[in-house]
Structures are given as structure tokens and as C-alpha cells.
Amino acid sequence: MSFFLQGVSMQQLEPQTFASWAEPIDMLYACHGKVKSFCKQLQILPDYLEKNGINQAVKNDVQQILNYFNISAPLHHADEEDDFFPELIKVQPQAQTEVDELERQHVDLHKNWDNLSSQLEDLLAGKRENIDRDLIARFVAGYHVHIAIEEPLFELGREHLAQEKLSEMGKVMADRRKL
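Because the structure is predicted, anything quoted here is derived from the model rather than measured. (Residues numbered from 1 in each chain as written. Predicted model: local features only at pLDDT ≥ 70, side-chain atom pairs only at ≥ 80, totals over all residues. Heavy atoms only, no water.)

> I tried to follow the confidence of the model for the chain on my own but got confused; where do I start?
Low-pLDDT portions of the prediction should not be read for the details of their coordinates. Of all residues in the chain, 90% have pLDDT values of 70 or greater, and the mean over the chain is 91. Scored below 50 in pLDDT, residues 5-16 makes 17 contacts in the model with residues more than four places away or belonging to other chains. (pLDDT = per-residue confidence, 0-100. Contact = heavy atoms within 4.5 Å.)

> Is there a simple way to explain the pattern of salt bridges in this structure?
Side chains that differ in sign of charge can pair as their charged atoms come close. Tallied over the full model, the rule gives 14 salt bridges. Note that Arg 104 is salt-bridged to Asp 108, the shortest N-O span being 2.6 Å. Here Asp 108 and Arg 104 lie together in helix α4 (residues 96-124), a separation of four residues that amounts to about one turn. A relative accessible area of 42% means that Arg 104 is categorised as partly exposed. Overlapping salt bridges bring together Asp 79, Asp 82, Asp 83, Arg 176 and Arg 177 as one network. (Salt bridge = Lys/Arg side-chain N within 4 Å of Asp/Glu carboxyl O. Helix = DSSP H or I, 4+ residues; strand = E, 2+ residues; numbered from the N terminus. Buried < 20%, exposed > 50% of the residue type's maximum accessible area, 1.4 Å probe, protein only.)

> Explain the nonpolar core to me, please; I cannot follow it from the model alone.
The nonpolar side chains of soluble globular proteins are, as a tendency, buried together. The biggest cluster of nonpolar side chains holds 27 residues, and the ones touching the most others in it are Phe 69, Trp 113, Leu 116, Leu 120, Ile 131, Phe 139 and Tyr 143. Within the residue set of this core, elements represented by two or more residues are α2 (24-52), α3 (56-91), α4 and α5 (133-160). The biggest single contributor to this core is α2, with eight residues. Beyond its immediate sequence surroundings of up to four residues, Leu 116 is in contact with Leu 42, Ile 131, Leu 135, Ile 136 and Phe 139. Of all hydrophobic cores here, the second largest spans 18 residues; its members include Leu 88, Phe 154, Met 173 and Ala 174. (Core = buried A, V, L, I, M, F, W, Y, C linked by side-chain atoms within 4.5 Å.)

> Explain the packing of α2 against α3 to me, please; I cannot follow it from the model alone.
Each pair of packed helices gets described by two things: the angle between the helix axes and the distance between those axes. For the pair α2 and α3, interaxial distance at closest approach is 10 Å and the crossing angle is 145°. The crossing of α2 and α3 is left-handed. Between α2, through Ile 25, Leu 28, Cys 31, His 32, Lys 34, Val 35, Phe 38, Gln 41, Leu 42, Leu 45, Tyr 48 and Leu 49, and α3, the contact on the second element is made entirely by Val 58, Asp 61, Val 62, Gln 64, Ile 65, Tyr 68, Phe 69, His 76, Asp 79, Glu 80 and Phe 84. Tallied by class, the residues present in the contact of α2 with α3 amount to 15 nonpolar, four polar and four charged. (Axes fitted to C-alpha atoms, helices over the stretch in contact; angles between N-to-C directions. Left-handed = near helix turned anticlockwise from the far one by under 90°. Nonpolar A, V, L, I, M, F, W, Y, C, P; charged D, E, K, R; others polar.)

> Just checking my understanding: could you explain empty space enclosed by the protein for this structure?
If a probe the size of a water molecule is rolled over the atoms, the empty space left behind becomes visible. Within the structure shown, the criterion is met by one cavity of 30 Å³ or more. Roughly 30 Å³ of volume is contained in the largest cavity. Contributing to the lining of the largest cavity are Phe 69, Ala 73, Leu 109, His 110, Trp 113, Phe 139 and Tyr 143. Those elements giving two or more residues to the lining of the largest cavity turn out to be α3, α4 and α5. Tallied by class, residues from the lining of the largest cavity come to six nonpolar, one polar and no charged. (1 Å grid on protein atoms, 1.4 Å probe; cavity = no way out; pocket = protein on both sides within 12 Å on 5 of 7 lines; lining within 4 Å. Points joined across faces, edges and corners; volume = space filled by probe spheres on them.)

> How should the packing of α4 against α5 be read in this particular structure?
Two numbers describe how α4 lies on α5: the axes approach to 9 Å, and their chain directions differ by 155°. In this view, α4 runs roughly antiparallel relative to α5, as classed from their interaxial angle. Considering only the axes of α4 and α5, their crossing is left-handed. Counting all contacts with α4, which are made through Glu 98, Val 99, Glu 101, Leu 102, Gln 105, His 106, Leu 109, Asn 112, Trp 113, Asn 115, Leu 116 and Gln 119, the residues of α5 involved are Leu 135, Ile 136, Arg 138, Phe 139, Gly 142, Tyr 143, Val 145, His 146, Ile 149, Glu 150 and Leu 153. Within the contact of α4 with α5, the residues separate by chemical class into 12 nonpolar, seven polar and four charged. (Parallel < 35°, antiparallel > 145°, perpendicular 65-115°, else oblique.)

What follows is the structure, encoded as C-alpha cells:
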């Protein structure tokens, strides 16, 4: 993956972690790692555009960000809402309040993404030369709050879900992606 800031690669920003669907909680964490990396890129983007304009590295990275949040992020949210959260509530019913809040936040995250993605698509199409900083800040802040609530639930799941249930969950998540 290219990175538009001084030739820094994504691997230099975020330690590389390897996960497999055999460990679905590790995969949920890996998705969050990608979200955090792409959010860092988005935060850097406005200043970079002001100084350097649009170049091929920017276009490549913006396309990867669009691909991730248009395809992978909704799948990740489905993994949580359809598979992880229901199983977690069965063994840790006290997590229901956090799960309800996270599911509400998923709706807001998707709305924020819809607004931001149209600006990113316009950037790629040559219809604009900058991205609204406040829109990026709102999008990134939404994920920051969301992840802070969600990751402790991942740990609850790691502690309380049976390995057999986690294996079944991992297969369903992989099938969702037709892997």
C-alpha cells in the first residue's frame, strides 16, 4: 500500500498483525487496526492536498480508503451485529447496553461515511481539490469513541465464549466474504 506522506508505508504506521478466521476476535481487532490506519491517513490528507495537490499516490490511497469503508467496514459491522454481539449477549447479558449503543453508532458511522465518501469520490473524479476537515474530524472521532466501547467487549468475548462457538462464528464471517 502506498502512502502519500513522504513515502511512509502503512506498515510503518501500524504494526503488521496477522489474523485468521479461526480466531474471529483477532480478525475483529485486525479490522480495527485498518480503521485506525485509514483514519490517520484521512487526518493527514487535507494538509497534504494543500501542500502537494492531487497525485497518483493520493489517488491510490483514497481508492483504498473508499474500498475499505464501502466494502470491508459494512462486513465488519455485520460480523459484529449478526454474529459476535448476539453470542456475547447470551453469555454476558450485562453487555446489552453497550451493544445497543454500538449498533446505534454503526448507523451514525455509516451516515458520516456517506458524506465523506462522496467528497473522496469527487476528489478522485477531479471535481474537487480538498476535503472538508470537519467532516474528517467527525468521521474519525466517531470511530475513536466506537472502538473504545467495542474492544472491551471483544475481550469479554475472548474470555467467555467457548472455542467451539468462536470457530463457528469465524466460519460464518469467512463465508460472508466467500473466502
